Amino acid sequence: MKKLLAVLGAVGLTATGVSSVVACSNHHKTEEPAVDPRNDEFHQKQVARLIKKIQNYNTKKPLLVDGDYKNINSQLIVTAINHNFSLKGVVVNVNKVEKITEPFKELGTAVVNSITDNGVEVLAAPIKIKYSTVQIANITTISNDLNNINQEANPKLVDVKLPIPGADLTLGSLLDNPMVPTILNLVPTDPNLASKDDQQKWDQLMQMVSGLAKGLLDKELSFKKTINNIPVVGSADIVLEKVTVKEIIDAVRPDLISLVNYVKANMQTTHNLPLLLFKYLLSPVDSKMPPIKNVKDGEPHNNFEHLLADLLDGRDGGKEMKKIKIKTIFPYAITWKVISNQNFNVVEYTFKSLVQSFLNNGQGVDMLNGKLTVKVKGEILTFKINQEIPIPMSLLSNLIVPILIGGSASGHLENANVELLHGKLLVLTTTDGTTWQPAKTIDDLMQAQDVTVSGENLQFKVSDKTDDSLSITTNDNLAIGLNLG
């Protein structure tokens with residue numbers, strides 16, 4: 001009996017202990033008294049910084065508000081202030097806003113009449129501040145950058161961003177790619193690929209291109225362009241049937257190999273790739289180049305004509321190239337025969353007349369009202385053609401202006417519209433690297449050591465993309481040179 005009582009006592013003691021533990025766990029913890037953030041030294045410093053910051057929104061450094069300058073209110077002002085300083089329990093109040101009436105001549109004014117810190121007023125006296133808008137600031141920055149761009153180093157073509165959506169690339173970054181030397185070393189020395197080594201190099205190069213740009217070689221290209229006001233026939237469609245990038249590369253393979261070898265051999269004379277390309281195209285045909293497929297229709301006089309012959313007819317020994325056709329009453333294929341010396345002689349007559357009109361005997365060409373001239377002389381079917389076709393310079397200016405202003409220090413060009421109001425374009429050359437002269441003839445370009453394009457007497461209008469009335473004009477005599485090297 002004593003043993004039984006002892007066991008029951010032990011169980012009872014154990015149960016009592018467990019109940020006590022549970023009971024203790026249900027007790028509420030004693031909460032610490034709330035700390036007034038105004039007594040926190042760091043918080044006090046932040047509030048002081050906020051007030052100092054507001055006091056410094058002045059003429060030299062106004063507060064930038066995101067919104068239409070015509071509709072700025074106290075809430076937008078407070079939002080802009082809180083964007084820079086957002087402190088718990090601190091409330092900024094603005095009771096007066098004077099709107100901007102002349103965006104680029106004056107600033108807006110606002111009054112901060114109260115700042116409370118957890119319900120306690122901390123502002124000794126109202127603060128009058130100056131403000132502008134993000135849009136006005138962007139446009140002003142771009143305009144100032146354009147005004148100063150000719151005082152900086154001329155923008156370089158290799159530094160201009162390429163128009164590739166979603167990619168921050170320049171021509172220079174592509175050329176500096178560590179894969180470039182490997183690719184160049186795989187370019188054969190013989191355009192004919194006569195040796196086994198050259199053939200293997202070319203095959204490896206195509207495999208590398210296919211690996212780096214998947215799907216590029218199989219990409220299909222095609223176009224259709226309607227031309228109106230054609231004598232006799234009225235209008236015509238210029239059509240290219242679907243052709244793959246691989247087919248195009250195969251057709252001009254000898255020309256690509258010859259071009260790369262020419263550039264490699266002449267890089268010591270100039271690092272200006274556009275100039276080397278121009279010189280190559282107008283140089284006599286590379287002696288290593290295979291004959292064109294339809295040589296009976298006329299020998300090419302230079303590398304440009306050889307390139308066109310391969311592109312239009314397909315290279316000698318290669319596949320027949322898909323034709324560019326002019327469709328009127330009857331479809332008419334554009335072949336090497338059509339543009340060879342017997343007919344159009346595109347390079348010697350048409351292409352050179354275009355370049356010569358661009359040079360304009362060293363006087364430059366008006367970028368808005370000027371016209372380039374393409375001379376066409378020949379015969380298609382039974383129609384004889386001998387006329388000059390004007391090409392508005394404004395079409396080319398739309399491409400050149402973004403490149404010229406691409407040297408601007410501003411990173412906000414995409415946030416505004418930049419319109420050219422006037423200016424002319426000059427081509428300048430040098431034979432010694434020091435003295436620059438306007439190029440008057442094609443011979444000046446062929447003899448040049450370096451070449452640059454210079455926009456002169458330029459003026460731009462910079463406007464907001466959503467509000468064209470929010471605009472400003474730059475100085476009216478800007479000069480921007482574009483270093484092509």
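Residues numbered from 1 in each chain as written. Predicted model: local features only at pLDDT ≥ 70, side-chain atom pairs only at ≥ 80, totals over all residues. Heavy atoms only, no water.

J.: I'd like a description of the overall build of the protein chain, backed by residues and values.
T.: When you go through the protein chain residue by residue, the secondary structure sums to 15 helices and 17 strands. When burial is assessed residue by residue, the protein chain has 37% of its 485 residues classed as buried. Sequence separation of at least 24 residues holds for 59% of the intrachain contacts in the protein chain that already meet a minimum separation of 6. (Helix = DSSP H or I, 4+ residues; strand = E, 2+ residues; numbered from the N terminus. Buried < 20%, exposed > 50% of the residue type's maximum accessible area, 1.4 Å probe, protein only. Contact = heavy atoms within 4.5 Å.)

J.: Describe the nonpolar core, naming the residues involved and giving the relevant values.
T.: Ile77 and Val112 are the most contacted members of the largest nonpolar core, which has 63 residues in total. Sort the elements by how many residues they give to this core and strand β15 (residues 450–464) lands first, with five residues. Residues Tyr280, Met289, Leu308 and Ala309 belong to the second largest nonpolar core, which totals 17 residues. (Core = buried A, V, L, I, M, F, W, Y, C linked by side-chain atoms within 4.5 Å.)

J.: Summarise helix α11 (residues 303–313); cite the residues concerned and give the values.
T.: By the criterion of burial, α11 is predominantly enclosed, with nine of the eleven residues buried. Those residues of α11 lying buried are Asn303, Phe304, Glu305, His306, Leu308, Ala309, Asp310, Leu312 and Asp313. Remark: Gly314 follows α11 within two positions and exhibits a positive phi of approximately 90°.

J.: Residues and numbers for the packing of aromatic side chains, please.
T.: On inspection of all chains with the given rule, the structure shows two aromatic pairs. Aromatic pair Phe304 and Phe351: ring centres 5.0 Å apart, planes at 75°, arrangement edge-to-face. With Phe304 in helix α11 and Phe351 in helix α13 (residues 346–359), this pair connects stretches of sequence that are 47 residues apart. Judged by its relative accessible area of 14%, Phe304 is buried. (Phe/Tyr/Trp six-rings, centres within 6.5 Å; stacked < 30°, edge-to-face > 60°.)

J.: Mind laying out the environment of Phe358, listing which residues take part and the relevant values?
T.: Relative to the elements of secondary structure, Phe358 occurs in helix α13. Judged by its relative accessible area of 18%, Phe358 falls in the buried class. Along the chain, Phe358 and Leu372 lie 14 residues apart, while their C-alpha atoms are 6.0 Å from each other. When residues no more than four places from it in sequence are discounted, the contact partners of Phe358 are Val365, Leu372, Met393, Leu396, Leu425 and Val427.

J.: Please provide a residue-by-residue account of the pattern of salt bridges, values included.
T.: What the rule picks out here adds up to eight salt bridges. Residue Lys70 is joined to Asp68 by a salt bridge in which the shortest nitrogen-to-oxygen separation is 3.3 Å. The exposure class assigned to Asp68 is partly exposed, which follows from its relative accessible area of 32%. Among the ionic contacts, a cluster of salt bridges with common partners joins Asp68, Lys70 and Asp467. (Salt bridge = Lys/Arg side-chain N within 4 Å of Asp/Glu carboxyl O.)

J.: Can you lay out the pairing of strand β3 (residues 108–117) for me, pointing to particular residues and giving the numbers?
T.: Counting buried positions over the ten residues of β3 gives nine, a clear majority of the element. Where strand β2 (residues 90–98) lies against β3, eight bridges are found, and the strand directions are antiparallel. Paired with Val94 across the two strands is Val112, which belongs to β3. Sheet analysis places β3 next to strand β4 (residues 120–121), joined by two bridges and oriented antiparallel. Bridging across to β4, Asp117 finds its partner in Val120. (Pairing = 2+ DSSP bridges.)

J.: Break down the packing of helix α9 (residues 253–266) against helix α10 (residues 273–282) for me, with residues and values.
T.: In contact at an axis separation of 10 Å, α9 and α10 are set at 125° when each is read in the N-to-C sense. Judged on the interaxial angle alone, α10 and α9 are oblique. α10 is crossed by α9, and the crossing has right-handed handedness. Note on element contacts: α10 touches α9 through Leu273, Leu276, Leu277, Lys279 and Tyr280, opposite Asp255, Ser258, Leu259, Tyr262, Val263 and Asn266. Broken down by class, the residue content of the contact of α9 with α10 amounts to seven nonpolar, two polar and two charged. (Axes fitted to C-alpha atoms, helices over the stretch in contact; angles between N-to-C directions. Parallel < 35°, antiparallel > 145°, perpendicular 65-115°, else oblique. Left-handed = near helix turned anticlockwise from the far one by under 90°. Nonpolar A, V, L, I, M, F, W, Y, C, P; charged D, E, K, R; others polar.)

J.: Let's hear about the side chain of Thr429: which residues, and what values?
T.: In this structure, Thr429 sits in strand β13 (residues 416–430). Non-local contacts of Thr429, meaning those with residues more than four positions away in its chain, are made with Thr435, Trp436, Gln437, Ala439, Asp444, Leu445, Ala448, Asp450 and Val451.

J.: Outline the pairing of β15, supporting the account with residue identities and numerical values.
T.: Of all 15 residues that make up β15, twelve are buried, and the element is covered over most of its length. Pairing analysis gives 13 bridges linking β13 to β15, with the strands arranged antiparallel. By the bridge assignment, Asn417 is partnered in β15 with Ser463. Of the pairings in the sheet, the one linking β15 to strand β17 (residues 478–483) comprises five bridges and is antiparallel in character. From the neighbouring strand, Ser454 faces β17, where its bridge partner is Gly481. Judged from the three bridges that link them, β15 and strand β16 (residues 471–473) form a sheet pairing that is antiparallel. Residue pairing for β16: Lys461 is matched across the bridge by Thr473. Between β15 and β16, which pair antiparallel in sequence order, lie six residues.

J.: Lay out helix α2 (residues 41–55) with the relevant residues and their values.
T.: Counted at 1.5 Å a residue, the expected span for α2 with its 15 residues is 21 Å, and the 21 Å between its end C-alpha atoms agrees. Listing the buried residues of α2 in full gives His43, Gln46, Val47, Leu50, Ile51 and Ile54. Taken end-on, α2 shows its buried residues confined to a sector of 135°, consistent with a single buried face. In α2, the exposed positions angled more than 90 degrees off the buried face are occupied by Glu41, Phe42 and Lys45. Of the surrounding secondary structure, the elements contacted by the buried residues of α2 are α3 (74–84), β2, β3 and β5 (127–133). (Expected span 1.5 Å × (residues − 1). Arc of directions from axis to C-beta.)

J.: Could you give an account of the environment of Trp336, naming the residues involved and the relevant values?
T.: Along the chain, Trp336 falls in helix α12 (residues 336–339). On a C-alpha basis, the gap between Trp336 and Pro300 in space is 9.4 Å, while along the polypeptide they are 36 residues apart. Look past the residues within four positions of Trp336 in its chain and what remains in contact with it is Ile292, Asn294, Asp297, Gly298, Glu299, Pro300, Glu305, Ala309, Leu312 and Asp313.

All quantities given are derived from atomic positions and should not be read as evidence of function.
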